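So you can see what is in the structure, the chains are spelled out below.
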Amino acid sequence: MNRRDAIRSMSLSLGITVAVPTILSVLNSCNDPKSKWTSVFLSDSQKHIISHLIEIMLPNSNFQGETGFNNVQFIDKMVGNTLEEKDQDQFSTGCSSFEYKFNSVFKKDITEGTKAEINTLLDTYFKLSKAEEKEVFNQLEFGIHELPEHKVSHYLIYTFLTKVRYYCLLGHFTSQEVLMNYQNYNPNLGYYKGCIDL
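Per chain, the residues get numbers from 1 upward, laid out in the order the sequence is written. The model is predicted, so local features are restricted to residues of pLDDT at least 70 and side-chain atom pairs to those at 80 or more, both for listing and for counting; the totals for chains, interfaces and linings are taken over all residues. Hydrogens are left out, water is left out, and the side-chain values use all remaining heavy atoms of the structure.

*Asks:* How would you explain the overall build of the protein if you had to name every residue and give the values?
*Replies:* Helix and strand counts for the protein come out as nine helices and zero strands. Among the 198 residues that make up the protein, the fraction classed as buried is 32%. Any two residues having at least one pair of non-hydrogen atoms within 4.5 Å are treated as being in contact. Considering only intrachain contacts with a sequence separation of at least 6, the fraction spanning at least 24 residues in the protein is 68%. Values of accessible area rely on a 1.4 Å probe in the Shrake-Rupley scheme; residue burial ignores everything except the protein chains shown. Split by element, the accessible area of the protein, about 13300 Å² in all, is 55% carbon and sulfur. Numbering of helices and strands runs from the N terminus, with a helix taken as a DSSP run of H or I at least four residues long and a strand as a DSSP run of E at least two residues long. Buried means the residue's accessible area, taken with a 1.4 Å probe over protein chains only, is under 20% of the maximum for its type, while exposed means over 50%, and partly exposed covers the values in between.

*Asks:* Which residues make up the side chain of His-48, and what values go with them?
*Replies:* When you line up the elements, His-48 lands in helix H2 (residues 44–57). The class for His-48 is buried, based on a relative accessible area of 19%. In contact with His-48, other than residues within four places in its own chain, are Ile-110, Thr-111 and Gly-113.

*Asks:* Outline the nonpolar core, listing residues and values.
*Replies:* Side chains that are nonpolar tend, in soluble globular proteins, to be buried together. Nonpolar cores are built from buried Ala, Val, Leu, Ile, Met, Phe, Trp, Tyr and Cys residues. Side-chain atoms within 4.5 Å join them into one set. Counting 28 residues, the largest nonpolar core has Ile-50, Leu-53, Ile-75, Phe-91, Phe-98, Phe-160 and Leu-161 as the members making the most contacts within it. Listed by contribution, the elements that provide at least two residues to this core are H2, helix H4 (71–82), helix H5 (85–106), helix H6 (115–126) and helix H8 (152–173). Ranked by the residues each element gives to this core, the list is headed by H8, at seven residues. Those residues in contact with Phe-91 that lie beyond four places of it in its chain are Phe-41, Leu-42, Ile-50, Ile-75, Val-79, Phe-160, Lys-163 and Val-164.

*Asks:* Got a sec to walk through the packing of aromatic side chains? Specific residues and values, please.
*Replies:* Two aromatic rings from Phe, Tyr or Trp, using only the six-membered ring of Trp, form a pair when their centres are within 6.5 Å; if the ring planes differ by under 30 degrees the pair is stacked, by over 60 it is edge-to-face, and anything between is tilted. Applying the stated criterion across every chain, the model contains eight aromatic pairs. Centroid distance Tyr-125 to Tyr-158: 5.6 Å. Interplanar angle 85 degrees. Geometry classified as edge-to-face. On the criterion of sequence distance, the pair formed by Tyr-125 in helix H6 and Tyr-158 in helix H8 is long-range, its members being 33 residues apart. Comparing Tyr-125 with Tyr-158 shows no difference in burial state: the two are buried. A ring pair is formed by Tyr-166 and Tyr-167, whose centres lie 5.2 Å apart and whose planes are at 65 degrees; its orientation type is edge-to-face. An aromatic cluster of at least three residues, connected via ring pairs, comprises Phe-41, Phe-91, Phe-98, Tyr-125, Phe-126, Tyr-158 and Phe-160.

*Asks:* So what's going on with the environment of Lys-108? Which residues, and what values?
*Replies:* Following the sequence through the fold, Lys-108 ends up in the loop between H5 and H6. Once you skip the residues sitting within four places of it in the chain, Lys-108 turns out to touch Phe-102, Asn-103, Gly-113 and Glu-117. At 3.0 Å, the side chain of Lys-108 and the side chain of Glu-117 are in polar contact. Polar contact criterion, stated in full: a pair of N or O atoms within 3.5 Å, where within protein one must be able to donate a hydrogen and the other to accept it, and residues adjacent in sequence count only if both atoms are side-chain atoms.

*Asks:* Provide a residue-level description of the side chain of Asp-76, including the pertinent values.
*Replies:* Of note, Asp-76 is situated in helix H4. Counted as positive: Lys and Arg. Counted as negative: Asp and Glu. His and the chain ends are not counted at all. Criterion for a salt bridge: a side-chain nitrogen of Lys or Arg within 4 Å of a carboxyl oxygen of Asp or Glu. No salt bridge is formed by the buried Asp-76; its nearest oppositely charged neighbour, Lys-77, is found at 5.0 Å. Engagement of the side chain of Asp-76 in a polar contact is seen with the side chain of Ser-39, the distance being 3.1 Å. Sequence-distant contacts of Asp-76, defined by excluding residues within four places in its chain, comprise Trp-37, Thr-38, Ser-39, Val-40, Phe-41 and Leu-42.

*Asks:* Go over the packing of H2 against H5, please, and point to the residues and values.
*Replies:* As a packed pair, H2 and H5 sit with axes 11 Å apart at the nearest point and diverge in direction by 75 degrees. Taken as axis vectors, H2 and H5 run roughly perpendicular relative to one another. Note on element contacts: H5 touches H2 through Phe-91, Ser-92, Cys-95, Phe-98 and Glu-99, opposite Ser-45, Gln-46, Ile-49, Ile-50 and Leu-53. Classification used: nonpolar for Ala, Val, Leu, Ile, Met, Phe, Trp, Tyr, Cys and Pro, charged for Asp, Glu, Lys and Arg, polar for all others including Gly. Taken together, the residues of the contact of H2 with H5 sort by class into six nonpolar, three polar and one charged. Helix axes use the C-alpha atoms of the stretch in contact, all axes being lines fitted to C-alpha atoms, and the angles between their N-to-C directions lie in the range 0 to 180 degrees. Working definition: roughly parallel below 35 degrees, roughly antiparallel above 145 degrees, roughly perpendicular at 65 to 115 degrees, and oblique for all remaining angles.

Okay, structure coming up:
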């Protein structure tokens with residue numbers, strides 16, 4: 001083995017040694033409801049807003065709600081670690097626009113807002129006619145640069161809300177708790193037997 005191959009192999013093994021514990025710690029922190037976590041991306045007010053939005057989107061029923069599955073932590077890590085900087089900025093600006101709208105409607109800070117009040121505001125964005133819904137998703141598809149100035153805030157709020165909804169459902173339905181205890185997930189797919197008569 002020449003020196004170049006030896007260095008390449010050594011760097012690869014060192015990278016795996018460093019990466020595996022980091023990845024495991026991220027996954028474990030999302031699964032352990034008792035662990036104290038430090039936010040990667042979200043501010044305290046964003047955590048408050050998102051926790052109420054998750055409780056509205058995933059109400060406690062047969063499925064355990066947000067509290068049991070740490071979806072706020074999941075969203076925090078996904079937004080902080082997987083989105084590009086411009087998308088993170090849009091997420092934060094959309095959250096701020098939603099917060100500003102709440103403050104102007106209810107005349108108080110959103111951190112003092114209840115789930116019912118946030119739900120009332122959320123209804124104004126999601127209880128739409130089919131034509132209005134189509135217009136919103138057309139705007140989201142074209143992007144912020146195609147919009148007139150007066151529609152930018154509206155666009156950012158919808159970007160924020162749809163991302164929260166997407167990550168909320170992704171985190172919930174791919175969590176080990178839901179897969180193992182609610183969806184009858186079977187990790188053992190059986191055995192392959194080749195060369196047998198059909």
